[in-house]
Each structure stands twice: as C-alpha cells, then as structure tokens.
Amino acid sequence: MIGRLRGEIVYKRPPQLMLEVSGVGYEIETPMSTFYALPEVGVNVTLLTHLAIRDDSHVLYGFA
C-alpha cells in the first residue's frame, strides 16, 4: 500500500495532479479542499494517500 508521497508537483488540473517522486510520476486524484490548498507547480509537497483498487481501475487518492 502507498501511504504517503513526498515530491515535486509537475502539473495540476482539478481534481488531478502529478507528483514526481524520485523520477516516478504519480497521477493523484484529490478532493477540491486539498487541491486548492496545494502550492504552485514546481514546489515540493507531502500527501497522505489511499490506493483504491476496483475491477475496472486503480485510483490513487491524495489528501493534505
């Protein structure tokens, strides 16, 4: 399980962002309350995460 990620924000498009962690880009879905509290692109951030695995998708959710 992925419990926390710390890295640089590569892009932000509500409600999704990409976080680069040690050269790997993670696409993360966030609630709007977390999304609007995030710093600008290029800044490092730490997010708590939850990986939801379903029959048709794997979605990584991030929270402040």
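Preceding block: the structure.
Notes on the structure follow. Everything quoted here is computed from the prediction, not taken from an experiment. (Residues numbered from 1 in each chain as written. Predicted model: local features only at pLDDT ≥ 70, side-chain atom pairs only at ≥ 80, totals over all residues. Heavy atoms only, no water.)

This part is about the overall build of the protein chain. Broken down by element type, the protein chain carries one helix and five strands. Starting at the N terminus and ending at the C terminus, the protein chain contains elements arranged as β-β-β-α-β-β. For a compact globule of 64 residues, the expected C-alpha radius of gyration is about 11 Å, and the protein chain comes in at 11 Å, within 12% of that figure. Principal axes of the C-alpha set define a box for the protein chain whose edges measure 35 × 25 × 15 Å. In the protein chain, the share of contacts with a sequence separation of at least 24, taken over all contacts with a separation of at least 6, comes to 45%. (Helix = DSSP H or I, 4+ residues; strand = E, 2+ residues; numbered from the N terminus. Rg over C-alpha atoms; globule rule 2.2 N^0.38 Å. Contact = heavy atoms within 4.5 Å.)

Turning next to the environment of Val 21. With respect to the element layout, Val 21 can be found in strand E2 (residues 16–21). With relative accessibility at 17%, the residue Val 21 sits in the buried group. Along the primary structure Val 21 and Tyr 36 are separated by 15 residues, whereas in three dimensions their C-alpha atoms are 21 Å apart. Setting aside anything within four residues of it in sequence, one finds Val 21 in contact with Leu 5, Arg 6, Gly 7 and Tyr 26. (Buried < 20%, exposed > 50% of the residue type's maximum accessible area, 1.4 Å probe, protein only.)

For the structure on display, the rule yields one aromatic pair. Between Phe 35 and Tyr 36, the ring centres sit 5.7 Å apart and the planes meet at 85 degrees, which makes this aromatic pair edge-to-face. Under the relative-accessibility criterion, Phe 35 is labelled buried at 5%. Residue class for Tyr 36 comes out exposed when judged on its relative accessible area of 62%. Above the face of the Tyr 11 ring, Arg 13 is positioned so that its terminal group lies 4.4 Å from the ring centre. (Phe/Tyr/Trp six-rings, centres within 6.5 Å; stacked < 30°, edge-to-face > 60°. Lys NZ or Arg CZ within 6 Å of the ring centre and 35° of its normal.)

Turning next to the nonpolar core. Judged by nonpolar contacts, Leu 5, Ile 9, Leu 17, Leu 19, Val 21, Ile 28, Phe 35, Leu 38, Val 45, Leu 47 and Leu 60 together constitute the single largest core of eleven residues. Listed by contribution, the elements that provide at least two residues to this core are strand E1 (4–13), E2 and strand E4 (44–53). Counting residues per element, this core draws most heavily on E2, at three residues. Other than its neighbours up to four places away in sequence, Ile 28 contacts Leu 5, Pro 15, Gln 16, Leu 17, Leu 19, Leu 47, Leu 60, Tyr 61 and Gly 62. (Core = buried A, V, L, I, M, F, W, Y, C linked by side-chain atoms within 4.5 Å.)

Right, let's get into the side chain of Thr 49. With respect to the helices and strands, Thr 49 occurs in strand E4. Classification of Thr 49 as buried rests on a relative accessible area of 12%. A polar contact is formed between the side chain of Thr 49 and the backbone nitrogen of Arg 4, at a distance of 3.5 Å. (Polar contact = N/O pair within 3.5 Å; in protein donor to acceptor, adjacent residues only side chain to side chain.)

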